[in-house]
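Fold and geometry: a report
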Amino acid sequence: MVLHNETNPQVILGDFIKINPHPFFKLFVLNTTTKYNELATLLQHRLSNVLMVNNKRLYYLNQALTDNNIQEIKNLKDHIKINEKLLSSIEHTIENPLPNIEYQFNPTQSEMYDSTQLFTDLDVKLTERFQEVKNAIERSDLVFAVNELDALEEAILVFYKNEKKFNGYWNRLNENVIKEVDALVDNIKDIHSFHESSTMENYYPSTISEHLFTDLAISYMHEEIEANSDLFGAYHLSDKGKASVEIEKKITESAWCQYNNESENCFRNTINAVRLIAQKTVSEEQNRFIQFINISNCVVTGREVERAFEIPANGNFPFKKEAPISIKKLNGNKNEEQKHSMDKHSKSLMEKEL
C-alpha cells in the first residue's frame, strides 16, 4: 500500500515497517515500540486486576486475623509488593517509549539484494512473534506471560544495540577504484616520463576515464552475484547491465593502453585490481547481509525456530574472506536489560497466587 503525499510519500510494508523517502538511501522505519507498548498495556491490565483481587483478599484476611492465616497474609503482602513493582516498571515503559528504529539500505538502483522483499518478510515474521507474545499474555499464566514479554523486550534491544546502516558500499567501492586509477596514471607517467613535459603531464590523466573503471567494478559485482545466486539466498537480484568484457575492451582499446607492452600491462594490472575490489565488495556486502539476518532472527524467532530466516553459506571467493560481522552480545546482567525480570522467589510467590 502506498500513501501519497505531495512532499513525503511513504510505502507501508505491513503492521511494523514503512519506507520513508530519502534522496541518498532507502530508509526503513520499524515501529516496534508502539506494538510492544500495546502488549505491555495488556499485561498492565492483567497485573492491575491481580492486584485488585489480592488487595481485597488481604483486607478480608486482616479483618479475620487468626494464627492460621498469618503466613498467608505475609506471602500475600510480598506478592502484592512484587506486582506493584512490576506494574510500576511496565507503566514507566509505556510512558517513556523507545524511538522508532531506522535502517539505512542502498537505494533500489544500486542494491545487491532485494532489501524491500527482505523487510516485507521481516514484517510478517515480526507480526507472528508479537502475536505469539500477545497470546501468552491473554491466555497463559502470569509468570509465563511476564517472561514472554521480557524475552521480547530483550530481543528488541538487539535491534537498538547493533549496526543500522547497511548502505554506503558505493562510496567505499568508488574510493578504492579511484586509488587504483590514480596509481595507474602515476605508473604511466613514470613509464613515459611525462613529468618532463608539462603539456603531456596535463593531458594524459584526462584520457583515463575513472567512471569506466567504476562501471567495470559494478559489472564484475553483478556477474559475481549472478554466478553465485545463493550469496543472498531468497533475496537474489538479477542484473542485465553491460557485460564486463565490453567495458574491458573499451578500456584496453584506449590509445595509451596500446602505446607499448609496458603500459598495456599497467592497464591489465589495474583491471585485475578492480576485479578484486569488486569481489571483496560483494563479500563485505554478504557479511553485512548475514549480520542483519542474524539480528532479525534474534527478534523474530521466539519459540518457533522454523520462523527464522535462512542464513546463506559464505561465498567462495579467491581471497581470504573475512568472517561475518558478529552481533554484539547483550549485557550479562539481566536485571539491567529486562525491566520486568523477576528472581526465583518472586516467581514462586506469583505461582502460589495462580
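The structure this text deals with has already been given above.
Residues numbered from 1 in each chain as written. Predicted model: local features only at pLDDT ≥ 70, side-chain atom pairs only at ≥ 80, totals over all residues. Heavy atoms only, no water.

With respect to the overall build of the protein
On a plain count of helices and strands, the protein comes out with 11 helices and six strands. Out of the 354 residues belonging to the protein, those deemed buried represent 44%. Put simply, 75% of the contacts in the protein that link residues at least 6 apart link residues at least 24 apart. Summing over all exposed atoms, the protein offers an accessible surface of approximately 19,200 Å²; the carbon and sulfur share of this is 48%. (Helix = DSSP H or I, 4+ residues; strand = E, 2+ residues; numbered from the N terminus. Buried < 20%, exposed > 50% of the residue type's maximum accessible area, 1.4 Å probe, protein only. Contact = heavy atoms within 4.5 Å. Areas by Shrake-Rupley, 256 points an atom, 1.4 Å probe, with all protein chains shown as cover.)

Looking at the pattern of salt bridges
Per the counting criterion, the structure on display carries 11 salt bridges. When the shortest N-O distance is used, the salt bridge between Arg129 and Glu132 registers 3.7 Å. You can see Arg129 and its partner Glu132 sitting in helix 3 (residues 115-139), three residues apart, about one turn around the helix. Both residues of the pair, Arg129 and Glu132, belong to the buried class. When salt bridges that share partners are traced, they join Glu128, Arg129, Glu132 and Arg307 into one network. (Salt bridge = Lys/Arg side-chain N within 4 Å of Asp/Glu carboxyl O.)

Things to note about a negative patch on the surface
A cluster of acidic side chains, namely Asp182, Asp186, Asp190 and Glu210, defines a negative patch on the protein surface. By residue number, the principal contributor to the negative patch is helix 5 (residues 169-192), which donates three residues. Along the chain, the position of Asp182 falls in helix 5. (Patch = residues over 30% accessible without salt bridge, like charges linked within 9 Å, V, L, I, M, F, W, Y side chains within 5 Å. Lys, Arg positive; Asp, Glu negative; His and termini not counted. Charge placed at Lys NZ, Arg CZ, Asp CG, Glu CD.)

Some words on the packing of helix 4 (residues 142-161) against helix 9 (residues 261-300)
Where helix 4 contacts helix 9, the two axes come as close as 8 Å, and the packing angle between them is 160°. Here helix 4 lies roughly antiparallel to helix 9, going by the angle between them. Remark: the crossing between helix 4 and helix 9 carries left-handed chirality. Contacts between helix 4 and helix 9 involve Ala155, Ile156, Val158 and Phe159 from the first element and Ile295, Ser296, Cys298 and Val299 from the second. Taken together, the residues of the contact of helix 4 with helix 9 break down into seven nonpolar, one polar and no charged. (Axes fitted to C-alpha atoms, helices over the stretch in contact; angles between N-to-C directions. Parallel < 35°, antiparallel > 145°, perpendicular 65-115°, else oblique. Left-handed = near helix turned anticlockwise from the far one by under 90°. Nonpolar A, V, L, I, M, F, W, Y, C, P; charged D, E, K, R; others polar.)

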